[in-house]
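The primary structure of each chain is shown beneath.
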Amino acid sequence: MLDYGGPIMSGLVRNFEGVVGPDSAEYALIQQIDATNLPRHVAVIMDGNGRWARRRGLPRVEGHRAGIDAVKSIVEFAARLGIPQLTLYAFSAENWKRPIDEVNTLWSLLKEFLRREYPTIQEHDIRFRAIGRISELPESVREELLKVEFDTKANERMDLLIALNYSGRLELVDAVNQLLSERVRGPIGEEDLASRLYTSGLPDPDFLIRTSGEFRISNFLLWQIAYAEIYVSEVLWPDFRGLDFLEAIVQFQKRERRYGGLESRSAETLS
Ligand code: FPP
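Not measured: the values here are computed from a predicted model.

## Considerations on the pattern of salt bridges
On inspection of all chains with the given rule, the structure shows 18 salt bridges. Of the charged contacts, one joins Arg133 and Glu136 as a salt bridge, the two residues approaching to 4.0 Å between their closest N and O atoms. Notably, a salt bridge pairs Asp151 with Lys147, separated by 2.7 Å at the nearest N-O pair. Linking Asp151 with Lys147, this pair stays in helix H5 (residues 139–151), spanning four residues, or about one helical turn. By relative accessible area, Lys147 is classed as partly exposed at 44%. Three or more residues joined by partner-sharing salt bridges are found here, namely Asp47, Arg51, Arg210, Glu214 and Arg216.

As structure tokens, then:
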């Protein structure tokens, strides 16, 4: 397992030793970040792969392929920063409407990612989990997902959730059906529903990032993002890197979070 940083450095910068140089823009941003006020759960709508490819005269799938490098970079930066939960929206329940070749390429890329990044996931002590209607995915994809989930279930540094065949509305439908199947008698409370969501047991995202300049939620974590701060980056997902992620975190820390009240409160004190 990775030993974050060396003895001569302190604070967050120590976790990036050997990854970012002291003269880099990343280093300057890391120094601005308050380690005691990090988002507890960052959710990311990775958008713009198709446009990235089109601008280069490439097939759409090349945008997805390039998007993998962004995934790797953001997972590593989030883990090094010490963000406890990261959820990436990789395939929505609506994405089945895309051409079959594009869908199949996405599954191949996901399997390739899981195989190639397995050592890194373990090295960074990351617990992996897939959320969505996973039972409807191709069997070979499910097998890979289950293996990584099983092998990493005792890891503790960061939860990495990948949303696949995911729909926020269907997640709510599934939770209600679960309640019905348990014959839970009403009236039910928020906790009854929240504990039957795919994200049960995890804190709600307090920060939602969307790339490619689009201001849409796209059926993502509809219940869980009730109080999330939203950040839209103009950068297309395949170009999104650690530097952009750090910039987003700096912006998050400038937000005043009031949860409907009048005073700024930290997520820890929210009851
Ligand atoms: C949205 O861009 C992106 C997707 C639907 C797929 C995201 C997938 C990856 C980044 C690669 C695989 C993921 C993992 C976790 C290994 P778009 O195609 O809708 O872009 P556009 O709006 O520009 O057309």
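## With respect to the pairing of strand E4 (residues 158–166)
Walk down a regular strand and you will see the side chains alternate between the two sheet faces. Most of E4 sits out of view: nine of its nine residues are buried. Note that strand E3 (residues 126–131) and E4 share six bridges and pair parallel. Within E4, the position partnered with Arg129 by the bridge is Leu161.

## Some words on the pairing of strand E2 (residues 85–92)
Summarising burial for E2: seven of the eight residues are buried, a large majority. Here strand E1 (residues 41–45) pairs with E2 via five bridges, running parallel. Note on E2: the bridge partner recorded for Val42 is Leu86. Pairing of E2 with E4 involves seven bridges; the strand directions are parallel. By the bridge assignment, Leu88 is partnered in E4 with Ile162.

## Some thoughts on the sheet that holds strand E5 (residues 207–210)
Strand order in the open sheet made by the six strands is E3-E4-E2-E1-E5-E6, with parallel pairing throughout. The strands lining the two open edges of the sheet, one partner per strand, are E3 and strand E6 (229–232). The mean angle between the axes of side-by-side strands here comes to 20 degrees, regardless of whether they run parallel or antiparallel. Contacting E2, E3 and E4, helix H4 (residues 100–123) runs over the sheet at an angle of about 155 degrees to E2.

## Details of the site of the ligand
Near the ligand you find 16 residues, and of these Asp47, Gly50, Arg51, Arg60 and Arg98 are the closest. In this structure, an oxygen atom belonging to the ligand sits 3.1 Å away from a side-chain N or O atom of Asp47. Arg98 is positioned with one of its side-chain polar atoms (N or O) 2.8 Å from an oxygen atom of the ligand. About the coverage of the ligand: the protein hides 91% of its 630 Å² of free accessible area. Residue assignment for the shell around the ligand shows that the elements contributing at least two residues are helix H2 (49–55), helix H3 (60–81) and H4. Within the shell around the ligand, the residues separate by chemical class into seven nonpolar, five polar and four charged.

Rules used throughout
- Residues numbered from 1 in each chain as written.
- Predicted model: local features only at pLDDT ≥ 70, side-chain atom pairs only at ≥ 80, totals over all residues.
- Heavy atoms only, no water.
- Salt bridge = Lys/Arg side-chain N within 4 Å of Asp/Glu carboxyl O.
- Helix = DSSP H or I, 4+ residues; strand = E, 2+ residues; numbered from the N terminus.
- Buried < 20%, exposed > 50% of the residue type's maximum accessible area, 1.4 Å probe, protein only.
- Pairing = 2+ DSSP bridges.
- Axes fitted to C-alpha atoms, helices over the stretch in contact; angles between N-to-C directions.
- Contact = heavy atoms within 4.5 Å.
- Near = heavy atom within 4 Å.
- Polar contact = N/O pair within 3.5 Å; in protein donor to acceptor, adjacent residues only side chain to side chain.
- Areas by Shrake-Rupley, 256 points an atom, 1.4 Å probe, with all protein chains shown as cover.
- Nonpolar A, V, L, I, M, F, W, Y, C, P; charged D, E, K, R; others polar.

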